[in-house]
Amino acid sequence: MKKVKQIQISMPFDLLSEELVFIILDLIPSDLKSFSLTCKWFYQVEAKHRKSLKPLRAEYLPRILTRYRNTADLDLTFCPRVTDYVLSVVGCLCGPTLHSIDLSRSGSFSAAGLLRLAVKCVSLSEIDLSNATEMRDADAAVVAEARSLQRLKLGRCKMLTDMGIGCIAVGCRKLNMVSLKWCVGVGDLGVGLLAVKCKELRSLDLSYLPITGNCLHDVLKLQHLEELLLEGCFGVDDDTLKSLTHDCKSLKKLDASSCQNLTHRGLTSLLSGAACLQRLDLAHCSSVISLDFSSSLKKVSALQSIRLDGCSVTSDGLKAIGTLCSSLKELSLSKCVTVTDEGLCSLVMKLKDLRKLDITCCRKLSGVSITQIANSCSLLVSLKMESCSLVSREAFWLIGQKCRLLEELDLTDNEIDDEGLKSISSCLSLSSLKLGICLNITDKGISYIGMGCSNLRELDLYRSVGITDIGISSIAQGCSHLETINISYCKDITDKSLVSLSKCSLLQTFESRGCPNITSQGLAAIAVRCKRLAKLDLKKCPFINDSGLLTLAHFSQSLKQINVSDTAVTDVGLLSLANIGCLQNIAVVNSSGLSPSGVAAALLGCGGLRKAKLHASLRPLLPLSLIHHLENRGCAFLWKDNTLQAELDPKYWKLQLEDVVP
Amino acid sequence: METEDDLCQNNWGSSSSKLQEQGFTSQQKWEDASILDYEMTMEPNLQVFDQIKEASGQDNISQVNVDFLQGVKAQAWDPRTMLSNLSFMEQKIHQLQDLVHLLVGRGGQVQGRQDELVAQQQQQLITTDLTSIIIQLISTAGSLLPSVKHNMSTAPGPFMGQPGSAMFPYAREANNVASQSQNNNNCGGCQEFDLPKPVVADERDSHVVEEHEMKDEDDVEEGENLPPGSYEILQLEKEEILAPHTHFCTICGKGFKRDANLRMHMRGHGDEYKTAAALAKPNKESVPGSEPMLIKRYSCPFFGCKRNKDHKKFQPLKTILCVKNHYKRTHCDKSFTCSRCHTKKFSVIADLKTHEKHCGKNKWLCSCGTTFSRKDKLFGHIALFQGHTPAIPLEETKPSAGASAQRGSSEGENNNPGMVGFNLGSASNANQETVQPGMMDGKISFEESFSPLSFDTCNFGGFHEFPRPMFDDSESSFQMLIANACSFSPRNGVGSVSDNII
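From a predicted model like this one, the values you see are computed outputs, not experimental measurements. (Residues numbered from 1 in each chain as written. Chains lettered and ligands numbered in written order. Predicted model: local features only at pLDDT ≥ 70, side-chain atom pairs only at ≥ 80, totals over all residues. Heavy atoms only, no water.)

### Some thoughts on the sheet that holds strand β9 (residues 390-391) of chain B
Residue and element names in this part refer to chain B.
(1) Moving on: Taken in spatial order, the three strands of this open sheet run β8-β7-β9, and their pairing is antiparallel. For this open sheet the edge positions go to β8 (371-372) and β9, each flanked by a neighbour on one side alone.
(2) Moving on: Pairing geometry for strand β7 (residues 364-366) and β8, over two bridges, is antiparallel. Each residue of the ladder has a partner; that of leucine 365, found in β8, is threonine 371.
(3) Moving on: Packed on one face of the sheet, helix α14 (residues 375-384) meets β7, β8 and β9 and runs near 15° to β7. (Pairing = 2+ DSSP bridges. Helix = DSSP H or I, 4+ residues; strand = E, 2+ residues; numbered from the N terminus. Contact = heavy atoms within 4.5 Å. Axes fitted to C-alpha atoms, helices over the stretch in contact; angles between N-to-C directions.)

### Digging into the nonpolar core
(1) Moving on: One finds Ile101, Leu154, Leu180, Leu216, Leu228 and Leu435 of chain A to be the most contacted residues of the largest nonpolar core, which totals 217 residues.
(2) Moving on: Take this core: its biggest share by element is seven residues, from helix α5 (residues 84-94) of chain A.
(3) Moving on: Apart from residues lying up to four places away in sequence, leucine 228 of chain A is in contact with Leu204, Leu206, Leu216, Val219, Leu220, Leu251, Lys253, Leu254 and Asp255 of chain A.
(4) Moving on: Of all hydrophobic cores here, the second largest spans eight residues; its members include Leu236, Tyr298, Cys300 and Leu317 of chain B. (Core = buried A, V, L, I, M, F, W, Y, C linked by side-chain atoms within 4.5 Å. Buried < 20%, exposed > 50% of the residue type's maximum accessible area, 1.4 Å probe, protein only.)

### A word on the pattern of salt bridges
(1) Moving on: Counting across every chain of the model gives 25 salt bridges over all chains.
(2) Moving on: Residue arginine 151 of chain A is joined to glutamate 126 of chain A by a salt bridge in which the shortest nitrogen-to-oxygen separation is 3.6 Å. One end of the pair, arginine 151 of chain A, is in strand β5 (residues 151-153); the other, glutamate 126 of chain A, is in strand β4 (residues 126-128), with 25 residues separating them in the sequence.
(3) Moving on: Assessed through its relative accessible area of 34%, arginine 151 of chain A is described here as partly exposed.
(4) Moving on: In this structure, lysine 375 of chain B and aspartate 162 of chain A form a salt bridge, with 2.8 Å as the shortest nitrogen-oxygen distance. Here the residue lysine 375 of chain B occupies a position in helix α14, and aspartate 162 of chain A occupies one in helix α8 (residues 162-171), the pair thus bridging two chains.
(5) Moving on: Residue lysine 375 of chain B is classed as partly exposed on the basis of its relative accessible area of 22%. (Salt bridge = Lys/Arg side-chain N within 4 Å of Asp/Glu carboxyl O.)

### Some thoughts on the UniProt feature "domain: C2H2-type" (unreviewed entry) in chain B
(1) Moving on: Per the UniProt entry, the sites bearing "domain: C2H2-type" (unreviewed entry) are residues 247-274 of chain B in this numbering.
(2) Moving on: Its end C-alpha atoms 18 Å apart, residues 247-274 of chain B is made of 29% helix and 14% strand. (UniProt positions renumbered as here; feature names shortened; annotations may be inferred.)

### Considerations on the packing of aromatic side chains
All names here are of chain A.
(1) Moving on: Tallied over the full model, the rule gives four aromatic pairs over all chains.
(2) Moving on: Judged by centre distance (6.0 Å) and plane angle (45°), the ring pair of tryptophan 41 and phenylalanine 42 falls under tilted.
(3) Moving on: Tryptophan 41 sits in the partly exposed class, given a relative accessible area of 30%.
(4) Moving on: You can call phenylalanine 42 buried: its relative accessible area is 6%. (Phe/Tyr/Trp six-rings, centres within 6.5 Å; stacked < 30°, edge-to-face > 60°.)

### Some remarks on unusual backbone geometry
Residue and element names in this part refer to chain A.
(1) Moving on: The backbone of serine 108 sits at a positive phi, close to 70°, despite the residue not being glycine.
(2) Moving on: Within the fold, serine 108 resides in the loop between β3 (100-102) and α6 (111-120).
(3) Moving on: By relative accessible area, serine 108 is classed as buried at 15%.
(4) Moving on: Phi angles above zero are rare outside glycine, and tyrosine 208 is one such case at about 60°.

### Here's the deal with helix α15 (residues 341-350) of chain A
(1) Moving on: With seven of 10 residues buried, α15 of chain A lies mostly within the body of the structure.
(2) Moving on: Those residues of α15 of chain A that are buried lie in contact with α14 (315-324), β12 (330-332) and α16 (367-376) of chain A.

### Re the packing of helix α22 (residues 520-529) of chain A against helix α23 (residues 546-555) of chain A
Residues and elements named next belong to chain A.
(1) Moving on: Where α22 meets α23, the axes come as close as 8 Å, and the angle between the chain directions of the two elements is 5°. Relative to α23, the element α22 is oriented roughly parallel. Contact with α22, carried on its side by Ser520, Leu523, Ala524, Ala527 and Val528, involves Ser547, Gly548, Leu549, Thr551, Leu552 and Phe555 of α23 and no other residues of that element.
(2) Moving on: Looking at side-chain class alone, the contact of α22 with α23 contains seven nonpolar, four polar and no charged residues. (Parallel < 35°, antiparallel > 145°, perpendicular 65-115°, else oblique. Nonpolar A, V, L, I, M, F, W, Y, C, P; charged D, E, K, R; others polar.)

### Brief notes about the confidence of the model for chain A
(1) Moving on: Mean pLDDT over chain A stands at 89; residues scoring 70 or higher make up 94%.
(2) Moving on: Throughout residues 1-7 of chain A the model reports pLDDT below 50, and contacts reaching past four residues in sequence, or to other chains, amount to seven contacts. (pLDDT = per-residue confidence, 0-100.)

Shown next, in the form of structure tokens:
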């Protein structure tokens, strides 16, 4: 609002043309545009300038669209119920100016509405129809009327078959990006036809389709194909790929993860023509990444990123990968339990250019690997090493010294201590730091981070029980850009931390589950000063009550998600939440102060609700018609019947965790 | 004797008339859809052919040829090859032109008898040259054909009537001419070229013959390559073939279709016909002892048919039954109509029965009306032809779009019930509705109809059963809604609504 004040003082806008104002408006972040209420001229200028809309309620669309005549991008993800009527309103009011529409989270519309949209909006080039699980071929045939469509997402349209895809393929010749993920009714014929008819295709997502290698013959003939996603295509096997003769020079990204029947023979023929491939995803591949397997990568020496998550990897295989693809920038070996120090060291030694490394849950790795990584990959930007519990605390000292460019560091469940944190604090551009379940760290270490890493955006201290208010206050002091913080189960944290965190005005996500000392006063401090707060988890904070929620309802108008299970909240607090317009998720389980009528009123009041997590005992008490009504409005219910469990000792909890994981 | 100009003209003329002819015949033979499609893809060439028809002199022809090829060249695969081909042809045509000029110049002198031989030779030379040019032209254009088909994005619907709908079989025409010219070559250029229009006459013959060849390919018995003379050729007369009975009782004259039935019948005429020998199959009896008989093969009595023994590529028929079926299928009217689809016709009743077994089971439907029994066949068809789309059967459309389809057809805008149907109908509806000026105010009762409190009065209750209801409300109410929606014109919208912003 500051801007508005300045304007009023000097009134320089009389001298400016609309075009110049538009240029200024381009530079203002979209959520700070309430200046339009200043005067009529501002109102008009803003209405003319705005191109993209993300309305919270479909009901207001006619008004909004009448105001914003130049709407090109319409995102309806907040509108669970978009009827045919709404779509025809959009078609009539936007007409040819509309370029993209997102209906991925919406329901209740049908072919008639889509048809009006397709006919009226002649320049519609992008449409997202994901999750339209009831969409049939006849409805897809209607989509084919949108002749200028370029990007089409049909994820999880399970009723769709080859016939519908065939209609789209014939109708929309300009398509360059198609996502058919989880369209389990679409097979080889539909995909093949799509490839034959839409020659402009650049990106094709065929994940989890019952296709075989046969349709890939047509797909790989596409001249412009850059991205091909085949995740979980069990039908793609070596035999059907054997006769593959193509030369797909344009292919840049291939995702063959979870293709259970694809071995190195099939992969070799798949990669034989793709000389320019940059990204390869082989996660959860059924075969062992051995020397043989790595040899299939011979043709793709320009590879920049490879993912081998969940594969069984041998040292020879890793070494061969290092030799063949020395220009790798990203490597993911997450959950590759067979990775050993020897294999990783021999690989990492070759990859001087490595930027991102993921060795989550590689439990056999020790400090040797970390030392090697630190020594050879000085350009490392992201390192994820959750649960590498054999790595000694000394190994982390080297990371801070050698990898100064680190921006993302995941050390969840590691042995790092305060000295390690001191070393890491010298990574000045660090923006995301995860220290969950690090039982060796204390306030001292955290204050090093607070002093050093002023760019920190995300901090995860889940169950790091050594942290108290002192540590949090130093973080709040030093990291003013903090957006996400998780202090769940840090039992020593009190309202003081919350008050100090309220200095971080950009805070969006705040999780303090299971912090028994937090009260409504602390919450109020955050609510008042952190205007962008969107996600809030207050579960198992027994001293949070209605007064906290009332403040929240008054100040946090951008809140989307809240969990107030196992708190002292009653009907009054819950009902006040209806004041927050964009609230989408509510979880209230086991709050004794709630009555069925209060919950019903609150649910009705929150018009944009998408998910409600309630206790199962409420289900028979709520009127059935109400539940139906809410479901039709787009709200999904999740009924929980677990009772509050006594909190375990953190040390014991970790031991229990280690028992479960071999 | 004609000048080369005329000859050439005739050549083109005849080829175009032949085109028409073949177009007609093929219209009977081919599925309508496919022919329409060809016509559609070839449309851009139409103009060129018209030009060619109009062209009178050779200069023009060569010019047109070049134009034609260059026009197509834009979509050629390899322009360089094309260019070299073109310049080669240009050269050839120029040479020929010079030669003909020479001939024309000497036109008055060739009356003498002794010069006739010389003139003949010259003409032969020219004809051979012309033939080679034509072959060259066709092979060049023929190599283009797939790319032409591919690249020419076509008019929206294949259903538009084209003036030159006979312009279909480019490829086949090419084959014809090519085969014809081959024939010429086979004869070593010693054919009687002093006939006025030798090429044309020959072509027509070969054309007719070829048509039968194509038809006959349906019932070829493959793999039987008996050397001529190793079998005995029998030829039944037409009446014999079409006669309902082939075996007649020598006593009462009753006719039978099968010999076995006759033998059964004979038993009634006396005990002598009841013996095992009399009842046994006559052939079987003779085989074991006697020498192997000469194999019998049959010839079709229809002259010009490939199954006729006078045809140069004669292929015999194996049995009498084959003869009958072949003759009925190929040379007789198709008098049996399918009682289910009322479109398919057959001349052999067994064919009808086979068809009726499967008729109506072709559930895979294309927008052109062609049906397929297998999905992959449909998709192959769609991949091949531009503008054809899979048609979703009405049964599937019904739960969601039935109402709209009905509306569309009731307004008479939708006359193809087998297709998605409501597409066109409702699209034009929508257009009509927009054209209407706002009949109602911009104020609609959004809040009234969608506010949470009115949930019990609305028909929300039904929604959970059909998550995507299609026209849950009646048709009229929907149309009213549309009218509402359209009435948000910029003029009345801004002023009234702008005050109360959300």
